[in-house]
Amino acid sequence: QVQLVESGGGLVQAGGSLRLSCAASGRTFSSYAMGWFRQAPGKEREFVAAISRSGASTYYADSVKGRFTISRDNAKNTVYLQMNSLKPEDTAVYFCAADVTYLRLGIHGYDYDYWGQGTQVTVSS
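Quick caveat, the model's predicted, so the values are computed rather than measured.

1. Details of the overall build of the protein chain
Tallying secondary structure elements over the protein chain gives zero helices and eleven strands in all. The linear arrangement of helices and strands in the protein chain, starting from the amino end, is β-β-β-β-β-β-β-β-β-β-β. Here the C-alpha radius of gyration of the protein chain, 13 Å, is about what a compact globule of 125 residues would show, namely 14 Å. Seen through its principal axes, the protein chain has C-alpha atoms that stretch 40 × 25 × 25 Å. Residue burial in the protein chain is summarised as follows: out of 125 residues, 46% are buried. Sequence separation of at least 24 residues holds for 58% of the intrachain contacts in the protein chain that already meet a minimum separation of 6. For the protein chain, the accessible area works out to roughly 6,300 Å², and carbon and sulfur atoms hold 47% of it.

2. Notes on the sheet that holds strand E8 (residues 78-83)
The strand order across the open sheet formed by four strands is E1-E3-E8-E7, and the pairing between neighbours is antiparallel. The sheet is open, and its two edges are formed by strand E1 (3-7) and strand E7 (68-73), each paired on a single side. Each strand of the sheet is rotated relative to its neighbour by a mean of 15°, with strand direction disregarded. Pairing between E1 and strand E3 (residues 18-25): five bridges, direction antiparallel. The residue bridging glutamine 3 from the neighbouring strand is serine 25, located in E3.

Calculation rules
Just so you know, the residues in each chain are numbered from 1, in the order the chain's sequence is written. Per-residue local features of the predicted model are confined to residues with pLDDT of at least 70, and side-chain atom pairs are confined, for both listing and counting, to 80 or more; whole-chain, interface and lining totals are unaffected and use all residues. Note: side-chain values were computed over all heavy atoms of the structure, leaving out hydrogens and water. Put simply, DSSP H or I for four residues or longer makes a helix, DSSP E for two residues or longer makes a strand, and each gets a number counted from the N terminus. The globule rule used here is 2.2 Å times the number of residues to the 0.38 power, and the radius of gyration it is set against is calculated over C-alpha atoms. A 1.4 Å probe rolled over the protein chains alone gives each residue an accessible area, and that area as a share of the maximum for its type sets the label: buried under 20%, exposed over 50%, partly exposed in between. Residue contacts are counted whenever heavy atoms from the two residues lie within 4.5 Å of one another. Values of accessible area rely on a 1.4 Å probe in the Shrake-Rupley scheme; residue burial ignores everything except the protein chains shown. Strand pairing is defined by DSSP finding a minimum of two bridges between the two strands. Between N-to-C directions, angles span 0 to 180 degrees; the directions come from axes that are lines fitted to C-alpha atoms, helices contributing only their stretch in contact.

Now the structure itself:
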């Protein structure tokens with residue numbers, strides 16, 4: 001079992017920045033890949049970013065590439081999502097997820113086994 005708790009969401013103006021954190025517990029953190037997803041009201045959940053177990057490999061959705069950075073600190077059992085140049089269309093609930101059966105970086109929800117409860121990010125224009 002893996003427990004995930006997100007934090008760091010909030011209200012920010014367009015062009016601003018936020019850093020989301022996701023604290024993991026329950027299994028050796030460095031043994032699984034991590035991802036971030038988001039879901040806006042009335043829309044399906046979408047992939048944002050993923051990072052490998054060591055942090056050496058990352059992958060981003062085109063919509064956030066160049067603006068968001070995913071990273072992890074295996075000593076702190078935490079994965080981060082640094083979000084810069086935020087746009088109103090980034091408004092969503094952001095979820096972190098753990099892939100314990102990692103074969104390659106997953107971009108689909110079904111690639112992940114455990115999910116956090118989500119944190120709200122609202123970007124005002």
